[in-house]
Each structure stands twice: as C-alpha cells, then as structure tokens.
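Notes for the structure review
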Amino acid sequence: MARTPRAVTVTRPTEYELLLRRHATRGQAEFFLRAHGQKLADVEAAHQRFQGVLEQCHRGIPDTFRRAHVSREDLDRFLFEPEDVILVVGQDGLVANVAKYLQGQPVIGVNPDPERNDGVLARYTPALASELLAPTADGAAPIQRRTLVEAELDDGQKLLALNEVFVGHRSHQSARYRIGWKEHHERQSSSGLIVATGTGATGWARSIARQRKRPVELPEPTDGRVTFLVREAFPSVSTGTRITAGCLTETDTLEVVSEMNEGGVVFGDGIESDHLDFGFGMRLSVHASSVRLCLVA
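Remember, it's a predicted structure, so these values are computed and weren't measured experimentally.

1. Section: the pairing of strand β3 (residues 84-89)
- Burial analysis of β3 places six of its six residues in the buried class, the great majority of the element.
- Here β3 shows no split at all, with Asp84, Ile86 and Val88 on one side and Val85, Leu87 and Val89 on the other all buried.
- Where strand β1 (residues 6-11) meets β3, five bridges bridge the pair, whose relative direction is parallel. The residue of β3 that forms the bridge with Val8 is Ile86.
- Sheet topology places β3 next to strand β4 (residues 106-110); four bridges connect them, and they run parallel. Residue pairing in the sheet places Val88 in a bridge with Gly109 of β4.

2. Re the environment of Leu94
- Relative to the elements of secondary structure, Leu94 occurs in helix α4 (residues 92-99).
- In this structure Leu94 comes out as buried when scored by relative accessible area, which is 2%.
- The sequence separation of Leu94 and Val10 amounts to 84 residues, and the corresponding C-alpha distance is 8.1 Å.
- Apart from the residues lying within four places of it in its own chain, the contact partners of Leu94 are Val10, Thr11, Arg12, Arg72, Val88 and Val89.

3. Some thoughts on the environment of Pro13
- With respect to the helices, strands and loops of the structure, Pro13 is situated in the loop between β1 and α1 (15-23).
- Sequence separation between Pro13 and Glu44 is 31 residues; the distance between their C-alpha atoms is 13 Å.
- The residues touching Pro13, leaving out its near neighbours within four places in the chain, are Leu18, Arg21, Ser71 and Glu73.

4. As for the pattern of salt bridges
- Enumeration over the complete set of coordinates arrives at 18 salt bridges.
- Notably, a salt bridge pairs Glu250 with Arg292, separated by 3.2 Å at the nearest N-O pair. Remark: Arg292 occurs in strand β16 (residues 283-296) and Glu250 occurs in the loop between β12 (245-248) and β13 (254-258); sequence separation between them is 42 residues.
- Each of Arg3, Arg6, Arg66, Glu81 and Asp84 takes part in salt bridges that share partners, so that together they form one network.

5. Quick notes on unusual backbone geometry
- Phi is positive for Ala24, close to 75°, though the residue is something other than glycine.
- Examined against the element boundaries, Ala24 turns out to sit in the loop between α1 and α2 (26-35).
- The phi dihedral of Glu232 is positive, around 55°, even though this residue is not glycine.
- Within the fold, Glu232 resides in the loop between β11 (226-230) and β12.
- For Glu232, a relative accessible area of 59% translates into the label exposed.

6. Considering the nonpolar core
- Residues Leu193, Val195, Phe228, Leu254, Phe278 and Leu284 are the most contacted members of the largest nonpolar core, which totals 28 residues.
- For this core, the secondary-structure elements that each account for two or more residues are β5 (143-153), β6 (158-161), β7 (164-169), β8 (175-181), β10 (193-196), β11, β13 and β16.
- Considering every element that reaches this core, the biggest residue donor is β8, with four residues.
- Setting aside residues up to four positions removed in sequence, Leu254 forms contacts with Ile179, Gly180, Trp181, Leu193, Val195, Phe228, Leu248, Leu284, Ser285 and Val286.

7. What about the packing of α1 against helix α3 (residues 40-59)?
- Between α1 and α3, the least distance of the axes is 8 Å, while the angle of their chain directions is 125°. In terms of axis orientation, α1 runs oblique to α3. In this structure, α1 uses Glu15, Tyr16, Glu17 and Leu19 to contact α3, whose residues at the interface are Leu40, Val43, Glu44, His47 and Gln51.
- Among the residues making up the contact of α1 with α3, the classes are represented as four nonpolar, two polar and three charged.

Cut-off values and rules
- Residues numbered from 1 in each chain as written.
- Predicted model: local features only at pLDDT ≥ 70, side-chain atom pairs only at ≥ 80, totals over all residues.
- Heavy atoms only, no water.
- Buried < 20%, exposed > 50% of the residue type's maximum accessible area, 1.4 Å probe, protein only.
- Helix = DSSP H or I, 4+ residues; strand = E, 2+ residues; numbered from the N terminus.
- Pairing = 2+ DSSP bridges.
- Contact = heavy atoms within 4.5 Å.
- Salt bridge = Lys/Arg side-chain N within 4 Å of Asp/Glu carboxyl O.
- Core = buried A, V, L, I, M, F, W, Y, C linked by side-chain atoms within 4.5 Å.
- Axes fitted to C-alpha atoms, helices over the stretch in contact; angles between N-to-C directions.
- Parallel < 35°, antiparallel > 145°, perpendicular 65-115°, else oblique.
- Nonpolar A, V, L, I, M, F, W, Y, C, P; charged D, E, K, R; others polar.

Next up, the structure:
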C-alpha cells in the first residue's frame, strides 16, 4: 500500500537569524551593524519577507500531505523518504546543497526574492509551487533530470555535487598531483582543477573556460556528460600542461593521484567545510554519477 506523500520544505538560515546567533541579542546585532554603517532594519525586513514566502508555501501544501521541514545545516542527518516531494525555498545554491542527499525524489524550487536571486533552479513562486505539489506526487509533473558529478577516493569515501567538484590545495599554494585521462597521463602543478556538470557550466566552469585561448566544450544542463578544467597549470621540468580540459562521457573517468603532503582537499559546490582529505598517494576517481536530480521543470 502506497504511503501518503510528504512535502519537505528545505531552507537555510536568513542573514537576520545568523546575526542573532552570532551576537545573541537583537540590540547587540543592531549595534554591530550600525558600527559598520549598516542598518539592522534592512536585514530584518528581508527576513520578514522570507518568512512570508515560507508561510505561503506551508499554506499551499495540500491537507492530504504529511509535512516536514529541514534546515541546510541538518541535511546530512535528515532521513528523506521515497514518497517525499522536496520544496526548496531559497537561492539556487540551496537546490545544489540538497541534491546530493536525494535518491530520485522530485524537487520544486521556490525563489523567495526574484529581485536578488536568478532563479535558474529555484524558479517558482509559492502559488505555482503549491499547484505543482499534487501532480508532482502523482508523477504527472514534467521533470528535468540533472546530472551530478561523483568523486571517489581509493579508501571508499565519496562526494557528490550538482555543479562541480574541486580538487586542489585548501590554501593558495599550488596543488601537485598526477592526472590521467583516457590514455594520457601527466604530473601537474596548478591552482587545482574542477569537474563540472551541465548545471554548473553556467557558473565557475564558464568563468574558467572564458580565459582559455581555445574553446572548451561545456555540457548542457540536462547533458549526461561532465567537463574537467585545470586552473593555471604551470609548466616546468617536472610538470606539464597538456591535459588541461576535456569532456567525460557517462562511461569516462578522470584519475587524479595526490602529491600533496598536506592540505589536499576535494569538495563540491563550493562547500569547503564538507570535504575529503586528499593526502599524498591517495587516488581519486571523478566521473558523472548515476544519481540524478529530478527537478520539476
């Protein structure tokens, strides 16, 4: 017997909430901002607008649905269910944050502030999102299947990302490693490398690609391929610059072996706090994941 669908709203703390956490009281937060030429009233007003949008989303959930809410900081401890419909209320980056924790559950992105947020992934108003909940739960809503990129160390640790995976040094030092792609292998020293999906191709990957003398093929948002880009590879007697970009099909794998005694990291979607340590001799495989983000189109 099928279980009742559950609407799970996902949010992140507002700037106002973060200020209160840091300064304990509203008065102290106001004093801090005033000392830096800013007004708490502006931040508080943005918080109230967001709360209004969130309340609209909650009111729009059908009475027949079960309900749950999770903050971004608790995603790694939240148990998603197969019947869930995920209602992400926030910036596009929040959709990326939640994507790696899902196994095919559909996601409806709600843009709480269209004047400030692009709304590429979080594209709906609360009213439209409410209208989509029932057909999404019934499997009748149109779905875009977005590719994720997966990075796996030889000790079994894995990391998923919707936009891109970064491999390099956690500081501004050069990252040293050996890279292997198809039949090509090379030792490199660089500012690190990224492996980007079609979703991430409009962000960091595009900025890197624009700096290249030769065109770099970037995948489309729903493409099953991923692209790797090496940042500022340095030529020397022991390091080369031949393997600096390439497109990986769904069966290709990029191999990277660390030559960093300390500071080597792998992280996804810009979340440096959620990283894998990449110490000397460790082997990393990066490829398109079989996991897909099911984004309500």
